[in-house]
Amino acid sequence: MKRAGLLLFVTVPVVTTAVAYLLVSGSPDGDAPIGASSAQSRQAVKALAEGAEGADGAEADTVPPGLAEPAKKELAGRIVASAVHSTLDWRATYGSIKDIGDGQGYTAGIVGFCTGTHDLLTLVERYTEERPGNGLARYLPALRTVDGTDSHEGLDPGFAAAWRAEARDGAFREAQEAERDRVYFDPAVRLAKLDGLGTLGQFAYYDAMVYHGPDTTANGFYELRERALAEADTPAEGGTEERYLDVFLDAHRAAIEAKGRDGDTSRVDSALRTFLEDGNLDLDTPLRWQVYGQAYRL
């Protein structure tokens, strides 16, 4: 799911940028370039972004927090909520659930977990491991059956009501936030830092990760990044942040159009690209943007 003035350049220490270049331009074991056009290379980048490469990925932690800084992360949550739920109050969306007719079944929760895209199933499975008696556990067989489809088989008529009821439990709200961070936020920010991107670039990766999913297949996040790498160098490779983000946003936009859900690309055109054209690489407030024809300001 997965929306003027002097240009500011990302403040990444020179040593850290050099390390990031080595990490991103070469695979963790020194073989084929991670940016190469192959599913294997995308899987290597995905593993690195998710922290599966141990000390290599730890270099991202030496970069300033950027989007992970609490105030910026709150800002990111509110901007994403404007695109996913048409509100700035992302904390009011834990219990949100509806089928929006996009072929992905029910869309629910703070980042739009979907019954058809595996992330909602994983969320409920992990939550049930911690709280076996929760009100969603009995729907796990049905969730496994409909995973990858838009079907409601075994979910109707009670699943939506059960989701809303469970969302009143603080433990489930915490579980949603933890899964958001594990699957979307942390990998996006981590990889953006390794690519030498600042706060806006980190948010662009996060927004694309939420909309397109953390997938290595066509039009998944990691394939979009690969497309951008084919046209522009990241700051870690010596390119400019503005040029690279311009290319990445083009890929993000094209993938939205390719998915053919509603054809609305405003989360890129009048949000992300607006911030980029304003030179707001630090994603500083005040911010003004539009999504689906609705104007927002922070």
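How each quantity is defined
- Along every chain, residues carry numbers that run from 1 in the direction the sequence is written.
- With pLDDT at 70 or above as the cut-off, local features in this predicted model cover only qualifying residues; side-chain atom pairs require 80 or more to be listed or tallied, and sums for whole chains, interfaces and linings still use all residues.
- To obtain the side-chain values, all non-hydrogen atoms of the structure were included, while hydrogens and water were left out.
- Secondary structure elements follow DSSP: runs of H or I no shorter than four residues count as helices, runs of E no shorter than two count as strands, and numbering proceeds from the N terminus.
- Only protein chains enter the accessibility calculation, which uses a 1.4 Å probe; a residue whose area is less than 20% of its type maximum is buried, one above 50% is exposed, and one in between is partly exposed.
- Note on areas: Shrake-Rupley, 1.4 Å probe, and residue coverage restricted to the protein chains presented here.
- A helix is expected to span 1.5 Å multiplied by its residue count minus one.
- By the convention used here, residues are in contact when the closest approach between their heavy atoms is within 4.5 Å.
- By the convention used here, strands pair only if DSSP detects at least 2 bridges between them.
- For this analysis, a polar contact is any N or O atom pair within 3.5 Å, provided that within protein one partner can donate a hydrogen and the other can accept it, and provided that sequence-adjacent residues contribute only side-chain to side-chain pairs.
- As a per-residue measure, pLDDT reflects the predictor's confidence and takes values from 0 up to 100.
- Residues belong to one nonpolar core when they are buried, are Ala, Val, Leu, Ile, Met, Phe, Trp, Tyr or Cys, and are joined through side-chain atoms within 4.5 Å.
- The axes used here are C-alpha line fits, helices contributing only the stretch in contact, and every angle between their N-to-C directions lies in the interval 0 to 180 degrees.
- Any angle that falls under 35 degrees is termed roughly parallel, while one over 145 is termed roughly antiparallel, one within 65 to 115 roughly perpendicular, and all others oblique.
- Handedness of a crossing follows from how the near helix is turned relative to the far one, being left-handed for an anticlockwise turn of less than a right angle and right-handed for a clockwise one.
- Residue polarity is assigned by list, with Asp, Glu, Lys and Arg as charged and Ala, Val, Leu, Ile, Met, Phe, Trp, Tyr, Cys and Pro as nonpolar; anything else, Gly included, falls into the polar class.

Caption draft 1: Structural context of the overall build of the chain. Helix and strand counts for the chain come out as 11 helices and 5 strands. Within the span of the chain, comprising 298 residues, buried residues form 53% of the whole. For the chain, the accessible surface area stands at approximately 12,300 Å², while carbon and sulfur atoms represent 49% of it.

Caption draft 2: Structural context of helix H10 (residues 241-259). If you check H10, its first and last C-alpha atoms are 27 Å apart, about what 19 residues at 1.5 Å a residue would give, namely 27 Å. Buried residues of H10: Glu-241, Glu-242, Tyr-244, Leu-245, Val-247, Phe-248, Leu-249, Ala-251, His-252, Ala-255 and Ile-256, and no others. In this structure, the buried side of H10 is in contact with helix H8 (199-212), helix H9 (221-231) and helix H11 (266-277). After H10 finishes, the residue Gly-260 shows a positive phi value of roughly 60 degrees.

Caption draft 3: A look at the sheet that holds strand S1 (residues 97-99). The sheet built from 3 strands is open, its strands ordered S1-S2-S3 with antiparallel pairing. The open sheet has two free edges, formed respectively by S1 and strand S3 (113-114), since each of these has just one partner strand. Pairing between strand S2 (residues 106-108) and S3: 2 bridges, direction antiparallel. Considered in S3, the bridge of Thr-107 is made with Cys-114.

Caption draft 4: Looking closely at the environment of Thr-240. Here Thr-240 is to be found in the loop between H9 and H10. We classify Thr-240 as partly exposed; its relative accessible area is 39%. Thr-240 sits 44 residues away from Gly-196 along the chain, and the two C-alpha atoms are 9.5 Å apart. The contact partners of Thr-240, leaving out residues within four places of it in the chain, are Asp-233 and Pro-235. There is a polar contact of 3.2 Å between the side chain of Thr-240 and the backbone nitrogen of Arg-243.

Caption draft 5: Structural detail: the pairing of strand S4 (residues 288-291). The two faces of S4 differ: Trp-289 and Val-291 on one face are buried, but Arg-288 and Gln-290 on the other face are not. The hairpin turn running from S4 into strand S5 (residues 294-297), its antiparallel successor, is 2 residues long, and Tyr-292 in that turn takes a positive phi close to 50 degrees.

Caption draft 6: Spotlight on unusual backbone geometry. That bond from Asp-156 to Pro-157 is cis: its omega, 10 degrees, falls within 30 degrees of zero. Relative to the helices and strands, Pro-157 resides in the loop between helix H5 (140-146) and helix H6 (159-166). Omega for the bond connecting Thr-285 with Pro-286 falls within 30 degrees of zero, at 5 degrees, which places this linkage in the cis form. Residue position: Pro-286 is located in the loop between H11 and S4. The phi dihedral of Asn-219 falls on the positive side, at around 70 degrees, and the residue is not glycine. Among the structural elements, Asn-219 can be located in the loop between H8 and H9. Asn-219 gets classed as buried once you look at its relative accessible area, which sits at 18%.

Caption draft 7: Layout of the confidence of the model for the chain. Residues at a pLDDT of 70 or more form 82% of the chain, whose mean pLDDT is 86. Low pLDDT, under 50, characterises residues 1-37; the stretch is placed with 97 contacts to residues that sit more than four places away or in other chains.

Caption draft 8: How the structure looks around the nonpolar core. With 81 residues, the main nonpolar core has Phe-159, Trp-163, Tyr-206, Phe-248 and Trp-289 as its most contacted residues. Contact partners of Trp-163, with chain neighbours within four places excluded, come to Tyr-94, Gly-95, Ser-96, Ile-97, Ala-108, Gly-109, Leu-120, Leu-123, Val-124, Leu-136, Phe-172 and Gln-176.

Caption draft 9: Local environment of the packing of helix H4 (residues 119-130) against helix H7 (residues 170-194). The geometry of H4 relative to H7 is characterised by a closest axis approach of 10 Å and an angle of 125 degrees between their N-to-C directions. Relative to H7, the element H4 lies oblique. Read as a crossing pair, H4 and H7 show a hand that is right-handed. Together, Asp-119, Thr-122, Leu-123, Arg-126 and Tyr-127 of H4 and Ala-171, Phe-172, Ala-175, Gln-176, Glu-179, Arg-182 and Tyr-184 of H7 make up the contact between the two elements. Of the residues belonging to the contact of H4 with H7, the class tally is 6 nonpolar, 2 polar and 4 charged.

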